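# Structural features, examined
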Amino acid sequence: MNAQAQLDGFIDKFTPQVAALTRALIEKTKARVPGSTIMVYDNYNALAIGFGPTDKAGQAIFSLAVMPRWVTLCFLRGKGLPDPHRLLKGSGSRVRHLQLHTAEAFDDPAVQELLAAALEGSQTPIDPSAEQRLIIKSISAKQRPRRPRPTAQTEKD
């Protein structure tokens, strides 16, 4: 099975809404960072899709973390990013993130400023003339459910 077919299978585990959002955000991110290497980790907690200059996880600049109800845009060296609009969340030593509930949120000028700053600050720049590569890096044997648990409200619907 090729990498794209595997990624499609990982995405299909989520609800149709989250799967559609994920696919739209991947396409927007691929267009935003031509030449990137796309690394996929089907982890225990989330499906993580990293974008970087090489296939080394430590060089990834940002990633999409697909959760049962939304997609999170993670800036892997986000602590030092300028964030005048105070979009970034997190208090760790490096990573900052923001939730994306719609594909249009990616196009917000404040989000685009964060992406530009992250790309500009990358130790190894992404060569936009390079061919984009999709690599499945790991698949966790045990995973949390990819769909949210039904709530009392959804059970009534």
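To keep things clear, this report deals only with the structure shown in the data block. (Residues numbered from 1 in each chain as written. Predicted model: local features only at pLDDT ≥ 70, side-chain atom pairs only at ≥ 80, totals over all residues. Heavy atoms only, no water.)

## What about the overall build of the chain?
Looking only at helices and strands, the chain features four helices and six strands. For 157 residues, the compact-globule formula gives about 15 Å, and the C-alpha radius of gyration of the chain, at 16 Å, lands near that figure. Judged by the C-alpha coordinates and their principal axes, the chain covers about 50 × 40 × 30 Å. Per-residue burial over the chain gives 38% buried out of 157 residues. (Helix = DSSP H or I, 4+ residues; strand = E, 2+ residues; numbered from the N terminus. Rg over C-alpha atoms; globule rule 2.2 N^0.38 Å. Buried < 20%, exposed > 50% of the residue type's maximum accessible area, 1.4 Å probe, protein only.)

## What to know about the pairing of strand 1 (residues 37-42)
Among the six residues of strand 1, six are classified as buried, and the element is accordingly described as predominantly covered. On strand 1, burial covers both faces: Thr37, Met39 and Tyr41 on one face and Ile38, Val40 and Asp42 on the other are all buried. Where strand 1 lies against strand 2 (residues 47-52), six bridges are found, and the strand directions are antiparallel. Residue pairing in the sheet places Val40 in a bridge with Ile49 of strand 2. Note: strand 1 against strand 6 (residues 133-139), six bridges, orientation parallel. Directly across from Val40, in strand 6, lies its bridge partner Ile136. (Pairing = 2+ DSSP bridges.)

## Notes on helix 3 (residues 109-120)
Spanning 12 residues, helix 3 covers 16 Å between terminal C-alpha atoms, matching the ideal 16 Å at 1.5 Å per step. Three or more residues of helix 3 are buried, namely Ala110, Val111, Gln112, Leu114, Leu115 and Ala118. In this structure, the buried residues of helix 3 make contact with helix 2 (16-32), strand 3 (62-66), strand 4 (71-75) and strand 5 (96-100). For helix 3, the N-terminal cap is Asp108; the gap from its side-chain oxygen to the backbone nitrogen of Ala110 is 2.7 Å. (Expected span 1.5 Å × (residues − 1). Contact = heavy atoms within 4.5 Å. Polar contact = N/O pair within 3.5 Å; in protein donor to acceptor, adjacent residues only side chain to side chain.)

## Describing the pairing of strand 5
Every second residue of strand 5 is oriented toward a common face, the buried set being Arg96, Leu98 and Leu100 and the non-buried set His97 and Gln99. Across five bridges, the pairing between strand 4 and strand 5 is antiparallel. Bridging across to strand 5, Thr72 finds its partner in Gln99.

## With respect to the environment of Arg144
Tracing the backbone through its elements, the reader meets Arg144 in the loop between strand 6 and helix 4 (152-156). For the pair Arg144 and Tyr44, spaced 100 residues apart in sequence, the C-alpha separation works out to 5.8 Å. Arg144 has contacts with Tyr44 and Asn45, leaving out every residue within four places of it along the chain.

## Quick word on the nonpolar core
Counting residues in each nonpolar core, the largest one holds 33 residues, and the members touching the most others are Leu47, Ile49, Phe62, Leu73 and Phe75. Secondary structure elements with two or more residues in this core: helix 1 (3-12), helix 2, strand 1, strand 2, strand 3, strand 4, strand 5 and helix 3. For this core, the element with the most residues is helix 2, which contributes five residues. If sequence neighbours within four positions are ignored, Phe62 has contacts with Thr29, Val33, Ile49, Gly50, Phe51, Leu73, Cys74, Phe75, Leu76, Leu115, Ala118 and Leu119. Among the nonpolar cores identified, the runner-up in size contains seven residues, and Tyr41, Ala65, Cys74 and Leu76 belong to it. (Core = buried A, V, L, I, M, F, W, Y, C linked by side-chain atoms within 4.5 Å.)

## Observations regarding the side chain of Arg96
Tracing the backbone shows Arg96 in strand 5. Among buried charged residues, Arg96 stands out as having no salt bridge; its nearest opposite-charge side chain is Asp83, 7.5 Å away. In this structure the side chain of Arg96 is engaged in a polar contact, spanning 3.2 Å, whose partner is the backbone oxygen of Gly90. Polar side-chain contacts of Arg96 include one of 2.8 Å to the backbone oxygen of Gly92. Filtering out sequence-adjacent residues up to four positions away, Arg96 remains in contact with Leu73, Cys74, Phe75, Gly78, Lys79, Leu88, Lys89, Gly90 and Ser91. (Lys, Arg positive; Asp, Glu negative; His and termini not counted. Salt bridge = Lys/Arg side-chain N within 4 Å of Asp/Glu carboxyl O.)

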